[in-house]
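One-letter residues, chain by chain:
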Amino acid sequence: MDKQRIIIGSERFALTIDRLCHQLVEEFDDFSNTCIVGIQPRGVALSERIYRHLVEHLNIQHIDYGKLDITFYRDDFRRPGASMHASVTEMDFLVEKKNVILVDDVLYTGRTVQAALTALNHYGRPEKVELLTLVDRRFNRELPIRSTFTGIKVDAVDEAYVKVEWAHTNGEDRVILFSDKKEAQ
Amino acid sequence: MASANQQLSSKHLLGIKDLSTEDIRLIFHTATNFKEVINRPIKKVPSLRDITIANLFFEDSTRTRVSFELAEKRLSADTINFSASSSSVKKGETLLDTVNNILSMKVDMVVMRHPAPGACQFLAQHIDANIINAGDGTHEHPTQALLDAFSMQEQLGDLEGKNVAIFGDILHSRVALSNIFCLQKLGAKVRVCGPPTLMPKFIHKLGVGVSYNVRETLQWCDVANILRIQLERQNIKYFPTLREYAQYFGINRQLLDSLDKKIVIMHPGPINRGVEITSDVADSEHSIILQQVENGVAVRMAVLFLLAAKG
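Sequence order as written defines residue numbering, which begins from 1 separately in each chain. For this description, chains carry letters from A and ligands carry numbers from 1, given in the order in which they are written. Per-residue local features are limited, in this predicted model, to residues with pLDDT of at least 70; the limit for side-chain atom pairs, both in listing and counting, is 80 or more; totals at the level of whole chains, interfaces and linings are taken over all residues.

### Points about the domain arrangement of chain B
All names here are of chain B.
Here is step 1 of the chain: Note: domain ranges come from an automatic or database domain assignment. Domain boundaries assigned for chain B yield domain 1 (16-141 + 293-310) and domain 2 (142-289).
Here is step 2 of the chain: We call two residues in contact when their backbone-placed C-beta atoms lie within 7 Å. Residue-level contacts link 22 residues of domain 1 with 21 residues of domain 2.
Here is step 3 of the chain: Elements with a contribution of two residues or more to the side of domain 1 that touches domain 2: α1 (21-37), β4 (130-136) and α11 (289-310).
Here is step 4 of the chain: Three classes are used, and their members are as follows: Ala, Val, Leu, Ile, Met, Phe, Trp, Tyr, Cys and Pro are nonpolar, Asp, Glu, Lys and Arg are charged, and the others, Gly among them, are polar. In terms of residue class, the side of domain 1 that touches domain 2 is made up of eight nonpolar, nine polar and five charged. Only runs of H or I of at least four residues qualify as helices and only runs of E of at least two qualify as strands under DSSP, and these elements are numbered from the N terminus.

### Overview of the sheet that holds strand β7 (residues 161-165) of chain A
Note on sheets: strands pair through backbone hydrogen bonds, and any given pair is parallel or antiparallel.
Residue and element names in this part refer to chain A.
Here is step 1 of the chain: By the convention used here, strands pair only if DSSP detects at least 2 bridges between them. Spatial ordering of the open sheet is given by β1-β8-β7, a layout of three strands whose pairing is antiparallel. Either end of the sheet is taken by a strand with one partner, and the two such strands are β1 (4-8) and β7. Strand-to-strand, the axes of this sheet are offset by a mean angle of 30 degrees, without reference to chain direction.
Here is step 2 of the chain: Where β7 lies against strand β8 (residues 174-178), five bridges are found, and the strand directions are antiparallel. Residue pairing for β8: Lys163 is matched across the bridge by Ile176. Interaxial angles span 0 to 180 degrees and are taken between N-to-C directions of axes, which are lines fitted to C-alpha atoms, for helices over the stretch in contact.

### Observations concerning the nonpolar core
Residue and element names in this part refer to chain B.
Here is step 1 of the chain: With 142 residues, the main nonpolar core has Ile27, Met109, Val110, Ala224, Ala302, Leu304 and Leu306 as its most contacted residues.
Here is step 2 of the chain: Sorting elements by how many residues they give to this core places α11 first, with twelve residues.
Here is step 3 of the chain: When we break this core down by domain, the ones giving at least three residues each are domain 1 (16-141 + 293-310) and domain 2 (142-289).
Here is step 4 of the chain: Not counting the four nearest positions on each side in its chain, Ala302 is found in contact with Ile27, Thr30, Ala31 and Phe34. Each nonpolar core consists of buried Ala, Val, Leu, Ile, Met, Phe, Trp, Tyr and Cys residues. Their C-beta atoms, within 7 Å, join them into a set. Field definition: a residue is buried when 20 or more other C-beta atoms are found within 10 Å of its C-beta, exposed when 12 or fewer are, and partly exposed for counts in between, with C-beta atoms placed from the backbone.

Here it is in structure tokens:
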């Protein structure tokens, strides 16, 4: 296998975002009782894009949109490699009795999502929580968590690394699969 | 964003002197996030759920003790409280024995206030737990300095080049020493002001300005941090009467109104109203004394969280 491979290029990236948004509209119609919550830091780049697309291109008038940081809820605290660098949480609404679309860029072990679910509980009891991810590494799960809306499914070994790059930070929207995590640094 | 695995450089917080500027900025960054947490409807996060913290207070305290305890509870840690007045210390047990006995009950972190300077340093050399200095004699009070600087930064933005004056009993103040270290590491200019008898002998070696003129110093500074006259540590007379002190070194409304600028008024508490500061100044719109107390919880949460992460 090559050291790195682009699995979604910029054209397909745009189509994928468009498709995910249409799927959301199909399921949640006018978003009257639905909110979007991006997981900090990387899920927010995706949620931002989804939110903007829904408002600008699909004419959704009002969506509650929040950003959730999960640093203080992680289960790998005091273990090597754990990130201790918190990001901002911006949640100016409660999720009580609402549909929540949780957004992250890559679904891998499922532990980030588990922490996000704990954090979300602190803002009320949602009616239903769905997960939207750009990349689903479906064979690497450590918890019974699955994504409802998925951009692409990737089958990769544990050593591999999936990196999502964004036009506003890296110059181009694309998803790259590295055969070794060290190559991605 | 700074690198993802940023950590503090030490597993203890013994004094500001040992911290790097990056450490201080990391604590502030984390404290900002905790400040958002403590303003949520549910103010608690599960980060320290498997950690036990002992609060050992060998000296009286209200604010610091309550603030630490609240910070620990907001982080879901288990806490035990200990005060010297109601313990075996009275029966003659040594500090190390007391602490070792508590640690053998599987305690991960120790928050300690002690009247002897260096007590926390001593503990850190002998035991394995994370030690947090909550004030050791006249030496340092690092979390107070961190919350002071954090509160100043909230008011003024980056402290680089800002003028901060510390008024009052510099000689007996651990808050003054920690504040000087902390503010200098953040690039602020510091001046101390008080009666010559309450000025430490070698204060100029710390690179701070010294003034004996309150009005001139108020005119110079952006922030005035006013310290308490520590009568309990003064076994000789450093000034004739409290009334005379208030007259020459106390900060009152008239004095503030005579300045041609607005300055921020801070006080670490407890306030001797009418001595170092009058009530109309302490309760004025210039004063951020109560914001300091709120920030104290957020800053202490950040310190506990980051130190616990070091294991």
